[in-house]
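One-letter residues, chain by chain:
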Amino acid sequence: MVGFVRRFDPSHAHAFDSVRQGDIGRPFLVRSQTCDRLDPDGGFLAFAPTSGGIFMDCSVHDVDLARWMLGNPKATRAFASGTIAIHDDLATMGDVDNGLAIVEFEGGARAVFYASRTFAHGHEQHTEIIGTQGKLLIGQGAPRDHVVRSDVHGVRHQATADFFERFSDAFRHELTAFVNACRTGGDSPLSLQDATEATRIARAITASLHHGQPQEIQR
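Parameters and conventions
- Residues numbered from 1 in each chain as written.
- Predicted model: local features only at pLDDT ≥ 70, side-chain atom pairs only at ≥ 80, totals over all residues.
- Heavy atoms only, no water.
- Phe/Tyr/Trp six-rings, centres within 6.5 Å; stacked < 30°, edge-to-face > 60°.
- Helix = DSSP H or I, 4+ residues; strand = E, 2+ residues; numbered from the N terminus.
- Buried < 20%, exposed > 50% of the residue type's maximum accessible area, 1.4 Å probe, protein only.
- Salt bridge = Lys/Arg side-chain N within 4 Å of Asp/Glu carboxyl O.

### Observations regarding the packing of aromatic side chains
1) Next: Enumeration over the complete set of coordinates arrives at 2 aromatic pairs.
2) Next: Aromatic side chains phenylalanine 16 and tryptophan 68 sit 4.1 Å apart centroid to centroid with 5 degrees between the ring planes, which places their arrangement in the stacked category. Residue phenylalanine 16 is located in helix α1 (residues 10-20), and its partner tryptophan 68 is located in helix α2 (residues 54-70); the two are separated by 52 residues in the primary sequence.
3) Next: Ring centres 6.2 Å apart and planes at 50 degrees place the aromatic pair tyrosine 114 and phenylalanine 119 in the tilted group.
4) Next: Under the relative-accessibility criterion, tyrosine 114 is labelled partly exposed at 23%.

### Examining the pattern of salt bridges
1) Next: This model, assessed by the stated rule, comprises 11 salt bridges.
2) Next: When the shortest N-O distance is used, the salt bridge between arginine 117 and aspartate 36 registers 3.9 Å. One end of the pair, arginine 117, is in strand β4 (residues 110-119); the other, aspartate 36, is in strand β1 (residues 27-37), with 81 residues separating them in the sequence.
3) Next: The exposure class assigned to arginine 117 is buried, which follows from its relative accessible area of 5%.
4) Next: Where aspartate 57 meets arginine 117, a salt bridge forms, and the shortest distance between an N and an O atom there is 3.0 Å. Residue aspartate 57 is located in helix α2, and its partner arginine 117 is located in strand β4; the two are separated by 60 residues in the primary sequence.

Just distances and angles here, no functional claims.
Listed below in structure tokens is the structure:
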């Protein structure tokens, strides 16, 4: 459960319930991103060699959300590309600071992922679920609150600083769910297979980034 806290975020959970109720028809496309605020000092570079790469570190969470929202279809193929916009030292690690990926699933569903370590305004994570009768969008613009400022500098709102701030409620709900499962002996809200599949897909995306070719995803 620990790696996939976003399932416990109230906004994502509400969207999941809407999808399951058929509010947007049949979901067939998920677009999701995890974009961290730029660290001008490059402090994260000390962590980068052991992070598994940008897709394993950031996009694995979006991969899990996509599978969850789409009804857990089997992934069949992945393709990724990336670029280094700021942190040139990542080149020696085979990593990038901005990456894009497409994952194909059985039954025709698709997912598009974007990961970045260079956003200037703050941490921005949003997920879009597109169905045959509508779509749902979670987290657009990374708002810290509902206050919009208008002055000589323009119209703006404050952005979320990092994923701790964005998902503080989700971490609390996740811990509560875990403790309840331990106390009652009930099933975990997130299965080991779910965690394994998200990791396998993220590994295939990372391999595609390194090799420059689509990667077939085998069971």
